[in-house]
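Architecture and fold: a report
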Amino acid sequence: MNKDFGDEVVKFDVHNWGEKLDDYQSMDLNKSLRLDNYIRQDVFERMIIYSNGEVALCCADDNGFYKMGNVIETNPIEIYNNKIFKKYRKMMIEGRILELEHCKICTIPRSRTLKGKD
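These lines cover the structure that appears in this document, whether it is placed above or below.

Definitions and cut-offs
Residues numbered from 1 in each chain as written. Predicted model: local features only at pLDDT ≥ 70, side-chain atom pairs only at ≥ 80, totals over all residues. Heavy atoms only, no water. Salt bridge = Lys/Arg side-chain N within 4 Å of Asp/Glu carboxyl O. Buried < 20%, exposed > 50% of the residue type's maximum accessible area, 1.4 Å probe, protein only.

Glancing now at the pattern of salt bridges. For the coordinates displayed, the defined rule picks out three salt bridges. For R96, the salt bridge identified is with E94, shortest N-O distance 2.7 Å. What makes E94 partly exposed here is its relative accessible area of 38%. Notably, a salt bridge pairs E99 with R96, separated by 3.1 Å at the nearest N-O pair. Among the residues examined, R96 registers a relative accessible area of 30% and is labelled partly exposed. Within the structure, one salt-bridge network assembled from shared partners comprises K90, E94, R96 and E99.

This is the structure we're talking about:
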C-alpha cells in the first residue's frame, strides 16, 4: 500500500447494501444522516474490478447484482460508459439516490460521510 497513490483501508460500520441484513435498522449507527443529495464517488471516480476481470457497480456490489462487464473481454472505457453506470451517475447528480435500487438502503455512504472519505 502506498498513500502517495491514494491507497487506503477504510473500515465501514455495519452496512446493508442489497438488503443483506434482516434487522439492520437496529444496527445502523448513522441513520440520522440524510442521503437526498449524496453523490457516491464509486460510480464517478473508481472502477471496482475483481480478480476474474468482472466489474462491480460499487465497492459494496460483492454479490455481482449488476453484470457491468469484464475488463478482459471489453474495453474498460466502454464499461465505465455503459447504461447502468450512466443511469446511476445521472440520478445521483439529480439528487435522486433514494430512488436507486440497492443505494436507497445502503449505509456505506453515511459511514463514509462521517469518516470524511467521500
